Amino acid sequence: MNFLIEFFGSGLAEYNEWNIQWAPENSQAIAVILGVSIPLALWFFWTSLKRIPSRLKKIFLFGLRVFIFLFLGLLLLKPQLELKKSQSHKNSIAVLLDNSKSMGIKTFPREEKRMDRVLETLKANKDYLAGLKKDFNVDTFFISDHTEPASDVDVQYQARRPNTDYSKVFRDLKKHYEKKPLAGVFLFTDGADLNHSSDDPSRELVEILAGLNSPVHTIQAGTNESFKDLSIQSLLAPDFGFAFQPVNLSVSLNASSMGNKNISLVLKEGKNILISKMVEIREGKTDYQVELQFTPRDLGKRVYSLSVPLFSGESITTNNHRDFQVKVIRDRTRILHLNGRPSWDSRYLREVLVNNPKVDLLSFFILRTLSDDVAAPTSELSLIPFPSNLLFSDYLNSFDLVIFQNFRFESFIDKKLLSNIKTYVQEGGSFLMIGGDLSFQGGGYDRTPIEDILPVTMQKVGKGYSSEEFKPVVEKKLEHHPILRLEKKKASSQKTWESLPLLNGLNLGLTAKPKSHVLLGYKIEGTTIPVMATIKTGEGRTAVLTTDSSWNWNFRRVGEGGSGRYYERFWNNTIDWITNAPETRLLRLETDKERYKEGEEVLVRFNVLKEDYTPASEEKVNLTLFKVSGEREDHLLDVDKNGDGAFQFLPEREGFYSVEIELDRNGEKISDKISIGVSGETAEFDKPLVNAALLKNIANVTGGEYVILDEAKDLSGIRFENPEVRVLTNKKTFSLWDNWWSYGLLVGFLMVDWWVRRKSGLS
Amino acid sequence: MKTKEILFKLKPMRFAFYIIMGLAVLGGGFLFTPVVWGDYSKLTIPIIKYRGGDHRPRPEAVRSLMAQLARRTSIEVNREPVEIKLTDPDLYRYPFIYLAGNAGFEPFSPRELRILRHYLGFGGFLLIDDSSSKIHSEFDASVRKLVAQLFPKIPLQKISRDHSIYRSFYLIKRPAGRVLLNPFLEEISIKGRTVLAYSTNDLGGAWARDKLGHWNHDIVAGSSTQRQGSIRLGVNIVMYSLTLDYKKDMVHLPIILERLRRYHSK
């Protein structure tokens with residue numbers, strides 16, 4: 001070795017082993033070729049030496065030629081000198097700590113968590129483990145559905161991972177110790193791997209364990225003794241439901257060692273109890289199926305919670321309660337359309353409403369008044385009584401929009417019920433009054449609760465009505481308003497408005513209220529008479545159209561060569577705006593996903609518009625994040641020139657969060673709120689029992705030991721083999737054929753051969 | 001008698017009463033301006049003028065029907081009859097038009113056909129009334145030819161018994177007229193909406209009455225019930241054009257079906 005080091009240089013002192021390597025790729029082929037060609041060539045050469053009389057010269061030349069051939073053959077085998085550095089290495093021991101959620105389950109009789117048993121055991125065996133560290137590399141890992149190194153167990157150990165997958169864990173372990181000798185494994189776990197349907201390890205797991213070639217000592221955390229639990233095992237709830245239509249829930253309850261008792265299953269939204277159902281729990285029966293039904297009323301993402309009582313001594317306290325989210329949408333916009341009399345205006349509007357697939361229409365026409373003489377008994381009429389009490393007392397809140405079209409309420413609706421309409425609007429309902437001689441003052445609505453909610457006041461000494469034809473003019477400041485958007489482009493929309501046919505019949509005795517928006521007006525003697533006006537009243541919205549001739553925008557436009565589509569769009573826009581459809585809101589919030597999983601970042605996007613529906617560029621908004629823990633975070637955020645902004649956050653844990661944005665517009669608060677559901681995996685709580693048989697089998701398959709931690713156990717009896725292992729740490733190779741001196745030697749031998757042959761008289 | 005003398009002759013209470021009433025009338029006029037609403041929003045039924053034949057076989061028919069509508073229903077009507085040509089630019093102010101006759105008429109020009117097809121296809125309604133009191137009359141032949149030209153792919157069909165026309169205001173067992181030639185109405189329906197209704201029973205003849213309230217034409221082989229049935233049918237046709245299938249809404253169905261059951265069992 002020293003000779004080689006001196007020969008190849010002093011920098012090689014660190015290497016402590018060497019060996020020669022031959023052409024690895026085709027050495028056999030070369031050997032065969034040489035084995036055949038060299039004896040053949042030597043035989044020819046020996047016959048050529050017959051002319052040399054000197055036997056000594058003959059033998060010398062033949063010997064020289066043999067040496068040359070052998071040297072040539074040696075070079076063709078491409079010899080290489082390999083210098084190695086190796087050192088002895090410690091064997092490793094892997095300590096695997098299960099940190100899946102099931103390790104948080106209580107075990108009896110001491111009612112401590114399974115993971116606490118593990119921590120206690122590690123503490124009790126501190127000296128033993130420290131002793132192992134002297135002779136072995138002891139690596140600690142948290143395991144669940146993946147493997148992660150654990151540096152500080154006392155601080156980091158939490159039962160929070162969604163599930164356990166032993167196959168994945170041991171595959172990771174095998175990869176980790178591919179080049180390191182593994183003397184054995186400690187597996188601290190409860191055996192709750194839901195991937196194994198039986199107590200036996202799967203074939204895949206057995207193969208992985210065999211490949212590990214090390215004993216796995218399974219240390220079972222906790223037992224199933226006295227396991228007591230009442231749980232909501234599963235809940236089938238739809239992702240979305242329709243407002244005012246029943247939503248069905250299918251709930252599976254599980255009861256272990258709960259005795260005989262009646263429990264109540266309660267569904268709540270916030271603090272409000274929606275349903276409560278009694279379930280009879282009986283000894284010996286563990287599974288219960290309960291069907292529930294509730295009717296959501298409010299739109300948006302609603303968070304509901306389902307719970308059963310929590311009894312003392314239960315192993316799992318978190319599975320007695322389950323939150324879930326249902327996105328409540330309108331199946332269709334429910335509209336109550338009252339018509340004071342049949343007219344072309346009511347007929348064409350009804351046609352639009354009936355043809356709108358998003359609308360669920362209930363309409364009433366007053367076909368006769370008390371003064372009309374129908375000249376027939378009731379039995380020969382198709383008329384039905386007008387159910388005013390039902391509509392305006394019991395079912396008013398089930399409508400998204402109430403339309404009074406040229407409708408005089410007296411004789412049909414008790415004046416007292418008008419205040420119900422006012423309350424309905426202030427609590428979020430929508431109301432639209434369409435003109436005609438039976439509307440506004442003509443309908444007797446002045447000085448009634450209806451006047452309070454409308455965007456116009458009714459002059460007591462009226463200026464009467466104009467029967468002249470007129471063209472309503474779009475209010476410039478509000479030309480971005482969604483109701484006025486007849487075309488996508490502003491210019492086209494404006495042009496369209498100008499092209500619509502004239503209207504006729506306008507109520508001149510109305511004045512716009514200060515906070516109302518007059519979208520369409522008509523100027524007479526310097527005063528703008530509101531034709532279409534809107535206002536927000538409490539939580540609701542109202543609008544008026546002070547003429548009963550908008551049907552001209554349909555049929556007369558058809559006569560002018562156009563179509564009724566702008567009329568249709570105008571009314572559909574009006575319905576969208578007045579029912580507060582999301583696309584017509586000044587403040588819109590949305591998330592990039594419907595639901596999030598634990599660990600996923602949440603992105604909340606928002607769009608802010610001014611009162612005139614132009615982007616609220618360079619405005620600041622107050623955003624509040626309400627966390628699961630009850631904490632709130634306030635942020636002041638900017639919006640860009642399009643009124644757009646975004647907010648991102650990483651939920652700390654599973655549960656329901658909400659984000660609220662609030663704007664202060666001249667003292668008026670505009671806000672929107674969105675709920676965000678972050679779900680965690682709770683599958684392990686579905687089968688929370690310890691799987692002792694599986695752990696026993698794993699130990700058996702690998703030659704390890706199986707230990708039950710019914711209390712902190714001494715593990716020092718577990719011993720590991722510790723054979724010496726040398727591990728190559730460095731190496732270097734030198735070519736013995738591809739260099740000048742080997743070629744020089746070959747040429748030298750050939751020259752001697754040639755010179756001796758010449759001296760002997762050969763060519 | 002001079003005014004001064006009249007005043008003196010009136011008793012004081014009566015004088016005060018007249019003064020108050022006079023002020024009330026004046027004040028009412030000031031406080032409650034009479035409603036003059038857009039006339040085009042009121043129901044007007046123009047009579048279609050055409051070439052050849054008589055487009056006003058029953059001159060008082062529409063005015064009489066309007067009077068009945070005003071008396072029996074809440075519909076606001078313009079009683080003054082309007083006559084209009086299909087080529088009149090004001091045609092689209094009137095979504096309901098009336099075509100009557102008792103003799104054959106000249107075929108409509110391609111332009112008139114195009115206008116009428118467009119009018120009916122986009123929301124208009126046409127009531128055709130054969131006043132000839134004859135089966136297979138010349139007017140009937142002209143009408144069928146006209147309809148075939150208007151809608152070559154949609155033939156005239158009998159209106160079914162459960163059509164909204166028969167229950168839009170009155171419950172009607174069978175259609176009537178001044179005569180009872182055919183116990184049915186015929187229709188052209190587009191996308192579920194009846195755009196054209198055709199009666200061969202001289203509806204106008206049953207409706208028409210003079211300004212003194214006398215019926216202009218006797219009912220043929222029938223009674224006043226038949227006339228009432230004709231008026232009811234006229235009211236229902238107009239009501240249908242204004243409310244369409246409103247009476248088929250679910251809210252009406254149970255009551256209407258129960259009444260129909262009792263009515264038909266009579």
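Residues numbered from 1 in each chain as written. Chains lettered and ligands numbered in written order. Predicted model: local features only at pLDDT ≥ 70, side-chain atom pairs only at ≥ 80, totals over all residues.

Regarding its fold elements, chain A presents 18 helices and 39 strands. Put simply, 75% of the contacts in chain A that link residues at least 6 apart link residues at least 24 apart. (Helix = DSSP H or I, 4+ residues; strand = E, 2+ residues; numbered from the N terminus. Contact = placed C-beta atoms within 7 Å.)

To continue, consider the sheet that holds strand E2 (residues 80–89) of chain A. Residues and elements named next belong to chain A. What the 3 strands build is an open sheet, ordered E1-E2-E39; its pairing is antiparallel. Each edge of the sheet is formed by a strand with only one pairing partner; in this case those strands are strand E1 (17–21) and strand E39 (725–735). Going across the sheet, the axis of each strand differs from the next one's by a mean of 30°, ignoring polarity. Here E2 pairs with E39 via 10 bridges, running antiparallel. Across the sheet, Lys85 pairs through a bridge with Asn730, a residue of E39. (Pairing = 2+ DSSP bridges. Axes fitted to C-alpha atoms, helices over the stretch in contact; angles between N-to-C directions.)

Moving on, we come to the pairing of strand E27 (residues 517–524) of chain A. Residues and elements named next belong to chain A. Relative to E27, strand E24 (residues 473–474) is paired through 2 bridges, and the arrangement is antiparallel. Along E27, the bridge assignment pairs Val473 with Gly521. In the sheet, E27 pairs with strand E28 (residues 527–537) via 7 bridges, with the strands oriented antiparallel. Bridging from a neighbouring strand, His517 pairs with Thr534 of E28. A loop of 2 residues connects E27 with E28, the two strands running antiparallel in sequence, and Glu525 in this loop sits at a positive phi of about 50°.

Opposite the 44 residues of chain A that make contact, chain B presents 41 residues. Elements represented by at least two residues in the side of chain A that touches chain B include exactly helix H9 (344–355), strand E19 (359–365), strand E23 (465–470), strand E25 (503–507) and helix H14 (555–559) of chain A. The element that contributes the greatest number of residues to the side of chain A that touches chain B is H9(A), accounting for 6 residues. Here the side of chain A that touches chain B is composed, by residue class, of 16 nonpolar, 16 polar and 12 charged. (Nonpolar A, V, L, I, M, F, W, Y, C, P; charged D, E, K, R; others polar.)

Turning our attention to the sheet that holds strand E6 (residues 136–143) of chain A. All names here are of chain A. Pairing is mixed in the open sheet, where 6 strands are placed in the order E7-E6-E3-E8-E9-E38. If you trace the sheet from one side to the other, it starts and ends with strand E7 (147–149) and strand E38 (706–709), each paired once. Put simply, the sheet's adjacent strands are angled 25° from each other on average, direction ignored. Relative to E38, strand E9 (residues 216–221) runs parallel, the two sharing 4 bridges. Its bridge partner lying in E38, Gln220 is registered against Ile708. Running at roughly 50° to E7, helix H7 (residues 166–176) makes contact with strand E3 (91–98), E6 and E7 of the sheet.

Turning our eyes to something else, we now look at the confidence of the model for chain A. Regions with low pLDDT carry predicted coordinates that are not meant to be interpreted in detail. Model confidence for chain A is summarised by a mean pLDDT of 88, while 96% of its residues fall at 70 or above. The secondary-structure element of chain A with the lowest mean pLDDT is helix H1 (residues 2–8) of chain A, recorded at 60, while strand E21 (residues 430–434) of chain A shows the highest, at 98. (pLDDT = per-residue confidence, 0-100.)

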